[in-house]
Amino acid sequence: MFFSIYKSCINAAFARASAYRLNFLLSLVITLGFNLLFPLVTVLIYSAGAGFPGWGFYEVLLMQAVFTLSNGLAGVVFSGVLWATMQHVREGTFEIVLLKPTGPLFFLIATNFDEDSLGLLVGGGALFAVAVVFADVSVAAVPAFLVLFAAGFCVMAGVNMLMAATSFKWVGNSRIPEIFDSLLNFGKYPLTIFPNAIRGLATFVIPVGMIAFYPANALLGNWDWRTLFVVVPSILFMLFGVRTYQKMVRAYEGVGG
Amino acid sequence: MNVIEVSNLTKTYTTHKRGSGFGAAVKSLFVREKVEVCAVDDISFTVKKGSICGLLGPNGAGKSTTIKMLCGALYPTGGKINSLGFNPYADRKKYVRKIGAVFGQRSQLVWDIPPVDSFNMNRAIYAIPAADYKKRLSHLAALFEIQDVMQKPTRVLSLGERMKCEFIMAMLHNPEIVFLDEPTIGLDILAKTKIREFIREINAGGTTFILTTHDLEDVQQLAEHIIIINHGKKVFDDTLPRLQHYVGERKIIELKLNVPLTIDIGKELNARIIKQPSPVELTLEVDTASTPIGEFIAALSRKTNFADIAIKALPMEEIISQIYSE
């Protein structure tokens, strides 16, 4: 049932996104280009003879590739929720969503396809391919990597839902993503370079470390079964995002008729 | 049998008051005065199965808020709604399967793709069996004569074509109640007529309609039950014929005189002059409860020399605007 709705809605969402072909292709190419430039800072740091202690260039590149992949995947699936929620709340059209016999969050996820994030996904995939070839990757750690990557995806989902939930209260605040992006920045670099307090926060409270650090570290062979426990805060974080969104729907008041 | 029972429904909002100008804008960054607005104030009513109920009121009266609460899209602050045996906001997902809605100013169609793709999406959402969907879509499209239109992107359709598609979108899952919020707004007379015919046709099959509109022609042609809300309170709840007598047993008399008047006709005939575009053209309003129409015509014949006369019921606009201004 859910799959059938999702399939039908995503077909419509993709048809909508691709209705303007030039915009679709340009968005894809521009996002791809920008994201291939993302590791440029890392290249500059390592070319200058500096680096992150304990991390080689391709190891950091691998981590950043995982971050981009996770961000792209979450963007394709969830990014539209934020903008759609924001627009519906500002224009007072959220009742159209509430008229559907599905959860509003599910409906918005299914009916909004973010074509920009597709570029991010392709860019992340290209970086990941390069990093995997040159970094010392452990094939045995692939299952652990996949579990941790899925947990990181849960964190990204939670972040997107919290951002969307915030837009019910901060109506029309287009700076919401920037606030959350600044939190996500902690997930772009090895957690080992941060003080213990930030490491703890980024693992158990707002588990942004799970987006790239833990999965990449596992793929490099640095993991044991205890690492898998950090999956729990990630799932809880996503559930917190879902619950917050559902509660905020009650705050929706529409606009004057 | 009632399909909707509303008792003591209330909705209040908290909003912020802000003055105009730069100073007020700066001040509002630090201090904002909270204002409680009561959009719907303790209203109760029932709607019978298979009826067409007109929900009227001036702008800001609370009609749309009431409709949204009836649809389960807004949480009431107080009171109860029982619609089709459901509490709309608590049982929203189950309830909205049985209702449809057309909002004249909010589209359910996906803007960039043809309506038929939006219909397909609704088929999946409402889990409509393929055969039922095909049959119903072809029936609804035939009623509106828009088989070709459904294949074009929504953004290129005219307002009339789009509204017809909105109706189809709302009716595909065969709802028991349909909420219409200003469904004919901005439409030309042909499109309005087609939509009214469509509503009548679907209503004949037993579907209940709740209609909010500012177009009194919609009300006169469709609704048998009228509820009027003003300042969030219910001020009228009865049939259309009763509404026509709500402000008294008044008639409008249009006269064409052979010679200009020499008497104060208002005073002499206990009537009110509404307009007098020329010395020989006159429109009067008479309260037939105090002056029976026969007596009035007899007195008029004695005191004036008229060439033509027309006796009309008080126009609906007049009745409604009197109720709104109360």
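The rules behind these values
- Residues numbered from 1 in each chain as written.
- Chains lettered and ligands numbered in written order.
- Predicted model: local features only at pLDDT ≥ 70, side-chain atom pairs only at ≥ 80, totals over all residues.
- Heavy atoms only, no water.
- pLDDT = per-residue confidence, 0-100.
- Helix = DSSP H or I, 4+ residues; strand = E, 2+ residues; numbered from the N terminus.
- Pairing = 2+ DSSP bridges.
- Axes fitted to C-alpha atoms, helices over the stretch in contact; angles between N-to-C directions.
- Buried < 20%, exposed > 50% of the residue type's maximum accessible area, 1.4 Å probe, protein only.
- Contact = heavy atoms within 4.5 Å.
- Patch = residues over 30% accessible without salt bridge, like charges linked within 9 Å, V, L, I, M, F, W, Y side chains within 5 Å.
- Areas by Shrake-Rupley, 256 points an atom, 1.4 Å probe, with all protein chains shown as cover.
- Salt bridge = Lys/Arg side-chain N within 4 Å of Asp/Glu carboxyl O.
- Buried area = accessible area lost by both parts, 1.4 Å probe.
- Polar contact = N/O pair within 3.5 Å; in protein donor to acceptor, adjacent residues only side chain to side chain.
- Nonpolar A, V, L, I, M, F, W, Y, C, P; charged D, E, K, R; others polar.
- Parallel < 35°, antiparallel > 145°, perpendicular 65-115°, else oblique.
- Left-handed = near helix turned anticlockwise from the far one by under 90°.
- Core = buried A, V, L, I, M, F, W, Y, C linked by side-chain atoms within 4.5 Å.

Visitor: How should I be thinking about the confidence of the model for chain A in this particular structure?
Guide: As a note on interpretation, predicted positions should not be read in detail where pLDDT is low. In the predicted model, chain A carries a mean pLDDT of 84, and 96% of its residues have values of at least 70. At the low end of the mean pLDDT range in chain A sits helix H2 (residues 21-37) of chain A, at 75; at the high end sits helix H12 (residues 231-249) of chain A, at 93.

Visitor: How should the sheet that holds strand E5 (residues 99-103) of chain B be read in this particular structure?
Guide: In a beta sheet, neighbouring strands pair by backbone hydrogen bonds and run either parallel or antiparallel. All names here are of chain B. As summarised here, the arrangement of the six strands in space is E5-E6-E7-E3-E8-E9, forming an open sheet in which the pairing is mixed. Each edge of the open sheet carries a strand with a single partner, namely E5 and strand E9 (233-239). Neighbour-to-neighbour, the strand axes of this sheet turn through a mean angle of 15°, independent of strand direction. Bridge analysis of strand E8 (residues 225-230) against E9 gives six bridges, and the strand direction is antiparallel.

Visitor: Could you clarify how one ought to interpret the environment of B:Met69 in this entry?
Guide: All names here are of chain B. Relative to the helices and strands, Met69 resides in helix H2 (residues 63-71). We classify Met69 as buried; its relative accessible area is 0%. Taking the C-alpha atoms as reference, Met69 lies 8.4 Å from Ile81; in sequence the two are 12 residues apart. The contacts of Met69, once residues within four sequence positions are left out, are Leu9, Thr10, Lys11, Val40, Leu74, Tyr75, Pro76, Ile81 and Pro88.

Visitor: Help me understand a nonpolar patch on the surface in this model?
Guide: Residues and elements named next belong to chain A. On the surface, Leu22, Leu26, Ile30, Phe34, Leu37, Leu40, Val43 and Leu44 cluster together into a nonpolar patch covering about 810 Å² of accessible area. Of all the secondary structure elements, the ones that give two or more residues to the nonpolar patch are H2 and helix H3 (40-47). With five residues, the single largest contributor to the nonpolar patch is H2. Summarising the element assignment, Ile30 is placed in helix H2. Look at Ile30 and you get partly exposed, because its relative accessible area is 46%.

Visitor: Before we go on, may I ask you to explain unusual backbone geometry in this structure?
Guide: In most cases, non-glycine residues show a negative phi, while peptide bonds are predominantly trans. Residue and element names in this part refer to chain B. With a phi angle near 55°, Asp42 is a residue other than glycine that sits in the positive phi range. The topology assignment puts Asp42 in strand E2 (residues 33-48). With a phi angle near 50°, Ala127 is a residue other than glycine that sits in the positive phi range. Summarising the element assignment, Ala127 is placed in the loop between helix H4 (115-125) and helix H5 (130-144). In this structure Ala127 comes out as partly exposed when scored by relative accessible area, which is 43%.

Visitor: I'm lost on the interface of chain A and chain B in this one. Help?
Guide: When the parts of a complex come together, some accessible area is lost, and that lost area is often used as the size of the interface. Counting from both sides, the interface comprises 31 residues of chain A and, opposite them, 30 residues of chain B. Between chain A and chain B, the buried area comes to about 2800 Å², and carbon and sulfur atoms account for 63% of it. Taken together, the links from chain A to chain B amount to two salt bridges. Among the ionic pairs, B:Lys68 bridges to A:Glu95, the shortest N-O distance being 3.3 Å. Counting across the chain A and chain B interface gives nine residue pairs in polar contact (both at pLDDT 80 or more). Counting only elements with at least two residues in the side of chain A that touches chain B, the list comes to helix H1 (2-17), helix H5 (94-98) and helix H6 (104-111) of chain A. Here the side of chain A that touches chain B takes seven residues from H1(A), the largest share from any one element. In terms of residue class, the side of chain A that touches chain B is made up of 16 nonpolar, 10 polar and five charged.

Visitor: What exactly am I supposed to notice about the packing of helix H4 (residues 57-91) of chain A against helix H7 (residues 115-134) of chain A here?
Guide: What describes two packed helices is the angle between their axes and the distance between those same axes. Residue and element names in this part refer to chain A. Closest axis-to-axis distance for the H4/H7 pair is 7 Å, and the angle between their directions is 155°. The angle between H4 and H7 places the two elements in the roughly antiparallel class. For the element pair H4 and H7, the recorded crossing hand is left-handed. For the contact of H4 with H7, the class distribution of residues is 17 nonpolar, eight polar and no charged.

Visitor: Mind showing me how you'd approach the side chain of A:Ser167 here?
Guide: Residue and element names in this part refer to chain A. Looking at the secondary structure, you find Ser167 in helix H8 (residues 142-169). A polar contact of 2.5 Å, which involves the side chain of Ser167, links it to the backbone oxygen of Ala164. Residues contacting Ser167, with those up to four places away along its chain left out, are Thr85, Met86, Val89 and Ile176.

Visitor: Please explain the nonpolar core as it appears in this structure.
Guide: Nonpolar side chains in soluble globular proteins generally cluster together in the buried interior. With 162 residues, the main nonpolar core has A:Tyr245, B:Phe119, B:Phe179 and B:Leu243 as its most contacted residues. Element by element, the count of residues in this core is highest for H4(A), at 16 residues. Apart from residues lying up to four places away in sequence, B:Phe179 is in contact with B:Ile4, B:Ile67, B:Leu70, B:Cys71, B:Tyr95, B:Ile99, B:Gly100, B:Ala101, B:Val102 and B:Ile210. Within the second largest apolar cluster, 12 residues are counted, among which are B:Ile265, B:Leu284, B:Phe296 and B:Leu300.

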